[in-house]
Amino acid sequence: MRSCLVAVLSIVFVSTAGAVCDFCNPSIRLNERVAACFSEQFEAELVRLETEGRGFVLVDLTQCVDEKTRGLPGANTDRDSEVIDTSFVADEAALRCINAEIGRLAGSLDPVVRLDLTACP
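Residues numbered from 1 in each chain as written. Predicted model: local features only at pLDDT ≥ 70, side-chain atom pairs only at ≥ 80, totals over all residues. Heavy atoms only, no water.

### Comments concerning the confidence of the model for the chain
Scored by pLDDT, the chain has a mean of 79; 69% of the residues are at 70 or more. Put simply, helix H1 (residues 2-15) is where the chain has its lowest mean pLDDT, 44, and helix H2 (residues 32-52) is where it has its highest, 97. For the stretch residues 68-81, pLDDT sits under 50, and the model shows 14 contacts to residues farther than four places along the chain or on other chains. (pLDDT = per-residue confidence, 0-100. Helix = DSSP H or I, 4+ residues; strand = E, 2+ residues; numbered from the N terminus. Contact = heavy atoms within 4.5 Å.)

### Quick look at the environment of Arg48
Of note, Arg48 is situated in helix H2. Since its relative accessible area comes to 25%, Arg48 is described here as partly exposed. Once the C-alpha coordinates of Arg48 and Leu58 are considered, the two residues, 10 residues apart in sequence, prove to be 9.9 Å apart. Those residues in contact with Arg48 that lie beyond four places of it in its chain are Val57, Leu58 and Val59. (Buried < 20%, exposed > 50% of the residue type's maximum accessible area, 1.4 Å probe, protein only.)

### Here's the deal with the pattern of salt bridges
A full pass over the atoms with the stated rule returns 5 salt bridges. We note a salt bridge from Glu52 to Arg48, for which the minimum N-O separation is 3.3 Å. Of the two residues, Glu52 and Arg48 both sit in helix H2, 4 residues apart, roughly one turn of that helix. In this structure Glu52 comes out as partly exposed when scored by relative accessible area, which is 34%. Where Arg104 meets Glu101, a salt bridge forms, and the shortest distance between an N and an O atom there is 2.8 Å. Of this pair, Arg104 and Glu101 are both found in helix H4 (residues 92-104), 3 residues apart, which corresponds to roughly one turn of the helix. Beyond isolated ion pairs, a larger network of salt bridges with shared partners links Glu45, Arg48, Glu52 and Arg54. (Salt bridge = Lys/Arg side-chain N within 4 Å of Asp/Glu carboxyl O.)

### Quick word on unusual backbone geometry
Asp110 connects to Pro111 through a cis peptide bond whose omega is 5°. Relative to the elements of secondary structure, Pro111 occurs in the loop between H4 and strand E4 (113-116).

### A look at the state of the cysteines
Considering all chains together, one arrives at 3 disulfides under this definition. Disulfide partners in the chain, listed by the sequence order of the bonded cysteines, are 1-2, 3-4, 5-6. (Disulfide = S-S within 2.5 Å.)

### Observations concerning the packing of H2 against H4
In contact at an axis separation of 10 Å, H2 and H4 are set at 155° when each is read in the N-to-C sense. Overall, the two elements H2 and H4 adopt an arrangement that is roughly antiparallel. Between H2 and H4 lies a crossing of left-handed hand. Between H2, through Ala35, Phe38, Ser39, Phe42, Glu45, Leu46 and Leu49, and H4, the contact on the second element is made entirely by Glu92, Leu95, Arg96, Ile98, Asn99 and Ile102. Per-class residue counts for the contact of H2 with H4 are 8 nonpolar, 2 polar and 3 charged. (Axes fitted to C-alpha atoms, helices over the stretch in contact; angles between N-to-C directions. Parallel < 35°, antiparallel > 145°, perpendicular 65-115°, else oblique. Left-handed = near helix turned anticlockwise from the far one by under 90°. Nonpolar A, V, L, I, M, F, W, Y, C, P; charged D, E, K, R; others polar.)

Spelled out as structure tokens, the structure:
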């Protein structure tokens, strides 16, 4: 499935050559655990971004969540506020924005915090 998504994103990228990341996620939701995992792989994502040369990466944080829940809300929670984004499309600016916001919000990312990537400088 991931290879299909990458193929689709590659086609979209080619068709939007002037606008590298029109299809990047405008916002993501993280908690402390997934944010810490992202921070650990931040440098590797930047290297992958550069070596793949597409201008964006599909960040996969599925290994960062509890196998039982996969980042999904429990039965007694508000679905919109509790879903954690374990995969998303980001360009370099978004990756750097996420990393900076995680540093700024350290300790206050639980239960879930929504990061607006369109508001980053």
